Each structure stands twice: as C-alpha cells, then as structure tokens.
Amino acid sequence: MTALAQLRKLDRAIVPVLVLAGWEAFSRSGALPAALLPAPSTVVWAWADWLVGTDGNTQTYSGHWLADMLASLSRVAAGFAIATLLGVALGVAIGWSRKIEIVIEPTLQMLRPIPPVSWIPLAIIWFGIANKPAIFLVFLGAFFPILLNTIHGVKTCDRNLIRAGAMVGGSERKLLRYIVVPAAMPSIFAGLRIGIGSAWMLTVTAEMVAVKSGLGYVLWDSYYFLRYDLVLAAMASIGLLGFCSDLAIRTAMARVLHWQRNTTLRGGE
Amino acid sequence: MATIDISGVSKIFTDKKRNADVTALSDINLSIARNEFVCLLGPSGCGKSTLLNMIAGFEQPSAGTVSVDGRPVTAPGADRGVVFQHANLMPWLPVWENVAFHLLLGGGQKAERRARAQIYIDMVGLTGFENHYPSELSGGMNQRVGIARALLMNPQVILMDEPFGALDEQTRMDMQTELVRIWQQHQGTIVFVTHGVDEALTLGTHVAVMSARPGRVVEIIPIDLPRPRDITSPQFNALKRHILALLRGERAEQERALA
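Please read all numbers here as calculations on a predicted model, not as lab measurements.

## Points about the overall build of chain A
Reasoning step 1: What chain A contains, in helices and strands, is ten helices and zero strands.
Reasoning step 2: When the helices and strands of chain A are listed from N to C terminus, the series reads α-α-α-α-α-α-α-α-α-α.
Reasoning step 3: In terms of overall dimensions, chain A has a C-alpha envelope of 75 × 60 × 30 Å along the principal axes.
Reasoning step 4: The buried share of chain A, taken over its 269 residues, is 38%.
Reasoning step 5: At a minimum sequence separation of 6, the contacts of chain A that also span at least 24 residues come to 66%.

Quick look at the structure:
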C-alpha cells in the first residue's frame, strides 16, 4: 500500500519534471536566442528577485510580488464575492418562481452571450482606470456560470423532498432554506468552480488594459521591456493563484458536500 | 366522530398533451374513525395513492370534500404525517436530523431536537445509526427513518403510501410486525395504501377494496382477526378468498366491458 502510494506521488511528478528538464535543455542549446525562451532556471531567478528582492534584476518590481499578488487577489475576491451573492440569490429566485423567471430571465439571456471582455471600453468610461473596472469585469465573468448552475440546481430539486418538507409543516421560505438550497449545493459549487476560472482570466485581462497594478499589469509591462523571464514568472504566478483559489473552493465543497461521498462515482472531487 | 371524512370525492386529471381527461377517482365515500388502521387495497392505477395524496393535501379533489377532524384539507400540514413509497429523506442530513426535520423547520434548539429524535430513533429500532447518512443505510432502514420522522410530529393521522413496496419479503414482514407494535403503543389513525392482499389483511382493522379506473371503493371489510395475525389460518384465508374474488370480479367486468 505504501509502495503504491509512493509510486502514485512519483507518477504525478513525471510529466512536470520531464517538461521542465526538456525546456531547460532546449533553452540552453542555443537553438533560439536565450531572451526569447528563458530557461526555467532564469525564470526562477527573476521570480525570486520579484518575490523577495535578491539582486534587483527585476528593477522596480524587485521585492514587489506580494503587493502585486494581493492587488490581483483582492480584485478577484471582490468581483467573485459579488457574483456569488447575486448569482446564487437570483438563481434561487429564478429557479423557484416562474413569475420571476419570466420577468428577469430573457434580459439575462440577452446579456449572457456578450463576452465579458467586450465590456472593457464601457467599464473604463464608467469606472475609470483603477480597481472598479477590473472588479466589474470579474463580476461579469463569474456571475453567469454561478447563476446558470444555481438555476439548474434549484429546478432539478426532487419534488418529493419538497413534499416531505411541506408534510412536516414548512413554510415556503423554510423549504427554500432547508431543502431547495442544500439540494442545489452540488450545482452551485460546480458554478463557483467555473466562475473562479473566469474571474482570474478577467482580472488579468483587465490589468493588461485598464489597471496599473497586479500580476496582469506586471506581465504586460515586462513584455514591453522584453523581460520574457518575468512574463513567464507572472504567468506561473497567475496559474498558481488560480490553482490555489480552486483548491480553496474544492476544500469548502468537500466539507459542505461530505454527504455525497459514497453516493456518486467520484463525489466531492 | 370520524377523524377522516371523504365524501363524494372525484378526481379528474386533464392530460393537456393528449387532450384527454382521465378519471382517477369517482364518487368516493369513506369514513375513518379515530385509531382505526385502514388499508386501501387495489390494483395499480386504481387511484389509491391519489386518494392518499388528497388526504395529505398534496392534491385537491375535482369534486367533493376531504376533511380531517372536521376541517377541510387545503394544504399539507404537520397534523398528517406521511410516509412515502420511497423514504424521501434529505440526503445531506444525518438520520437524527432527518427524524427531527419538523423541529428544524420550527426553529428548535439543537439539544432539544437531538433528544426528541432519539426517542423515535429508539422506537423504530435504529439506535446506533443516529449519525449515519441515508446513503449509508439500507432501504428498510431508510423507511424506518421516514416512519420515525412522521411519528415525531405526533400527528392525528399517519398516511402511508406503499411504504414497504420496495423491500424484500423478509424485511417487509419484520416491518409490518414493527408497524403494528408502534401503532398499538403510539395510538393514532393510519391510512395505509397497498396492493398486497396479505399485507392489508395482516395490518388493517379495516380493508377498503378499490376497483381499477375509474377508482371506486367496492367494499369496506372490517377485519376482526386476533393479533398477531396468522396468515395461514382458515379465517384469514376465507377473507383473502373473498377479497380476491372482489378484485377478480372487477377485472372480469372490465374485460366484458372492453369486449
């Protein structure tokens, strides 16, 4: 068993190690100018300086990683939180009440096909160049997946559970709180996971265009200064944060949906 | 005084897609007194579940009235506990929270809910499974949770819709014995829907035999056999023969009408 577990850990590392080693070898071979595809070691070196200010090779960004990361993270957090609150609340309302669905849904369905990035010009005119347009874009990107999945979760709630709830004497509000919302939780979490992906995508986009701070801004700015090592370090940072925020949601999901563990093929993953 | 009074009840389902009306029940009259255990027996599709759903308040009659304790039924309520064909438990709640679901919706304190739930968990023989989730229990155990949930509300009336239909023979017989014991100990009126002649005769103080579409009550037979009932006794078999003849006669009549 332990041998198998060790093998599993090794299995997971095989592909990343091979990719990094190949990349390092290729960059050092001189087939391409070193500046165009910096070796992983160069990227790590630049990243280290950006992170804690080792030798100042990243100049103004030296030791600035934490601030840049927090700038991006706070935008994602703010936009995602608003999207979650509104998406879940509206989703429950639309899924539960036919009346609300008729009044609100057509408008939302017309707005939905518009790609969030195409809102950038309006976001800049409305909110200026700062946090607000980025938060607005993050909100737009995360809102629709959360909304649609919540609606789906509410609509597919087993009617018999509602009957059981009505039988024990629950009012409509109680049925929503104690039956419909818990029953919709698996779908809501699916929406949150898709939403957090869009949230990072849109933060970075907004920072490239409409904001003067954050990981996306560093990425774009380094591109102008031909610092591809820093571009790659920024890409890796964004990937890492995206992974960590998804992990946070998955951890919350495993706690909330622990009752699903033995009922589905690979529930709670 | 009758606890449940069903007078002149009909139910017509309109099938919009096929543009046809289906008469599920036609002119049902049935009076059920306090502490009676009435089995609604009939072939599938005779509307016995529909009748039960109308007493529960899930459906409204097209004509006639259903009243419980003199009040007409308009909506589901905690005075009528329902045990469903499939347990219909909340899969995200452990056994004890499911049993005390009525108190959770009423806003009861956790300690009080836990203590009340325990009484009924012990009563249905699930001691030790309080913190299990429904998915971790067998069908029979889930059905016991459903019964405990209905009992905890201390309802005037318990409505059961083929609750043992999905269980194997052995478990079903155990559950029947258990249910009779709980009914005798707990007191209360039970309406029990079944398509099993043996089940109806084992459980009921009365058996209401229903005919297939449109559903009607053919005969209400009081069962005066001593408990626990011996399903091999001559009296039991005489009643069974009578009921089978009723059901078979119905079918013969239907076939004649179709021919």
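## Observations regarding the overall build of chain B
Reasoning step 1: Assigned secondary structure in chain B consists of eight helices and ten strands.
Reasoning step 2: Relative to its length of 259 residues, chain B is compact, with a C-alpha radius of gyration of 19 Å against a globular reference of 18 Å.
Reasoning step 3: For chain B, with 259 residues in total, the buried portion stands at 41%.
Reasoning step 4: Considering only contacts within chain B whose residues lie at least 6 apart along the sequence, 69% involve residues at least 24 apart.

## Quick notes on the nonpolar core
Reasoning step 1: Residues Val138(A), Leu40(B), Ile55(B), Val99(B), Ala148(B), Val191(B) and Ala208(B) are the most contacted members of the largest nonpolar core, which totals 135 residues.
Reasoning step 2: In contact with Val99(B), not counting residues within four places along its chain, are Ala117(B), Tyr120(B), Ile121(B), Val145(B), Ala148(B), Arg149(B) and Leu152(B).

## Concerning the packing of helix α8 (residues 172-209) of chain A against helix α10 (residues 228-256) of chain A
Residues and elements named next belong to chain A.
Reasoning step 1: At their nearest, the axes of α8 and α10 sit 10 Å apart, and the two run at 165° to each other. By the angle between their directions, the pair α8 and α10 is classed as roughly antiparallel. Both α8 and α10 take part in a crossing whose hand is right-handed. Two secondary-structure elements touch here, α8 through Met185, Phe189, Leu192, Arg193, Ile196, Gly197, Trp200 and Val204 and α10 through Ile238, Leu241, Gly242, Ser245, Asp246, Ile249, Met253 and Val256.

## Some words on the environment of Val181(A)
Residues and elements named next belong to chain A.
Reasoning step 1: Assignment of secondary structure puts Val181 in helix α8.
Reasoning step 2: Since 18 C-beta atoms lie within 10 Å of it, Val181 is described here as partly exposed.
Reasoning step 3: Separated by 24 residues in the primary sequence, Val181 and Cys157 place their C-alpha atoms 8.9 Å from one another.
Reasoning step 4: Leave out the neighbours within four places in its chain, and Val181 touches Val92 and Leu176.

## Re the interface of chain A and chain B
Reasoning step 1: Contact with chain A, which involves 16 residues of that partner, is made by 20 residues of chain B.
Reasoning step 2: Among the secondary structure elements, those contributing two or more residues to the side of chain A that touches chain B are α7 (159-167) and α8 of chain A.

## Remarks on α7(A)
Side chains that are three or four residues apart share a direction in an α-helix, a result of its 3.6 residues per turn.
Reasoning step 1: Along α7(A), the positions that sit buried rather than exposed are Leu161(A), Ala164(A), Gly165(A), Ala166(A) and Met167(A).
Reasoning step 2: Positive backbone phi, at 90°, marks Gly169(A), one or two positions downstream of α7(A).

## Comments concerning the sheet that holds strand β3 (residues 37-41) of chain B
All names here are of chain B.
Reasoning step 1: The strand order across the open sheet built from six strands is β6-β7-β8-β3-β9-β10, with neighbouring strands paired in mixed fashion. Strands with a single pairing partner mark the edges of an open sheet, and in this sheet they are β6 (80-83) and β10 (216-222). Between one strand and the next, the sheet's axes are offset by a mean angle of 20°, whatever the strand orientation.
Reasoning step 2: Of the strand pairs in this sheet, β3 and strand β8 (residues 189-194) are connected by five bridges, and their pairing is parallel. Within the sheet, the bridge partner assigned to Cys39 lies in β8 and is Phe192.

## Examining unusual backbone geometry
All names here are of chain B.
Reasoning step 1: Following Arg227, the chain continues into Pro228 via a peptide bond in cis, with omega recorded as -5°.
Reasoning step 2: You can see Pro228 is positioned in the loop between β10 and α8 (234-258).
Reasoning step 3: Although it is not a glycine, Asn88 adopts a positive phi angle of roughly 55°.
Reasoning step 4: Along the polypeptide, Asn88 turns up in the loop between β6 and α2 (95-99).
Reasoning step 5: Overall, Asn88 belongs to the buried group, with 23 C-beta atoms counted inside 10 Å.

## Looking at helix α2 (residues 40-52) of chain A
Residues and elements named next belong to chain A.
Reasoning step 1: For α2, spanning 13 residues, the distance from its first C-alpha to its last is 18 Å, which sits close to the expected 18 Å at 1.5 Å a residue.
Reasoning step 2: Taken together, the buried positions of α2 are Thr42, Val43, Ala46, Trp47, Asp49 and Trp50. Looking straight down α2, one finds that the buried residues subtend no more than 160° of arc, so they occupy a single side.
Reasoning step 3: Close packing links the buried residues of α2 with α3 (65-96) and α10.
Reasoning step 4: Gly53 sits one or two positions beyond α2 and adopts a positive phi of about 70°.

## Topic: the environment of Tyr61(A)
Residues and elements named next belong to chain A.
Reasoning step 1: Summarising the element assignment, Tyr61 is placed in the loop between α2 and α3.
Reasoning step 2: Put simply, Tyr61 and Trp50 are eleven residues apart on the chain and 5.6 Å apart in space, counted from C-alpha to C-alpha.
Reasoning step 3: If near-sequence neighbours (up to four positions away) are discounted, Tyr61 is found in contact with Trp50, Val218 and Leu230.

## Notes on the confidence of the model for chain B
Any residue range with low pLDDT should be treated as having predicted coordinates unsuitable for detailed reading.
All names here are of chain B.
Reasoning step 1: When pLDDT is averaged across chain B, the result is 89; 95% of the residues are at 70 or more.
Reasoning step 2: Here α8 stands out as the element of chain B with the lowest mean pLDDT, 81, in contrast to α2, whose mean of 96 is the highest.
Reasoning step 3: For this predicted complex, the interface score ipTM comes out at 0.83, alongside a pTM of 0.85.

## Some remarks on the environment of Pro163(B)
Reasoning step 1: Mapped onto the elements of the fold, Pro163(B) is located in the loop between β7 (157-161) and α6 (169-186).
Reasoning step 2: Distance in space between the C-alpha atoms of Pro163(B) and His86(B) is 6.9 Å, their sequence separation being 77 residues.

Calculation criteria
Residues numbered from 1 in each chain as written. Chains lettered and ligands numbered in written order. Predicted model: local features only at pLDDT ≥ 70, side-chain atom pairs only at ≥ 80, totals over all residues. Helix = DSSP H or I, 4+ residues; strand = E, 2+ residues; numbered from the N terminus. Buried ≥ 20, exposed ≤ 12 C-beta atoms within 10 Å, placed from the backbone. Contact = placed C-beta atoms within 7 Å. Rg over C-alpha atoms; globule rule 2.2 N^0.38 Å. Core = buried A, V, L, I, M, F, W, Y, C linked by C-beta atoms within 7 Å. Axes fitted to C-alpha atoms, helices over the stretch in contact; angles between N-to-C directions. Parallel < 35°, antiparallel > 145°, perpendicular 65-115°, else oblique. Left-handed = near helix turned anticlockwise from the far one by under 90°. Pairing = 2+ DSSP bridges. Expected span 1.5 Å × (residues − 1). Arc of directions from axis to C-beta. pLDDT = per-residue confidence, 0-100.

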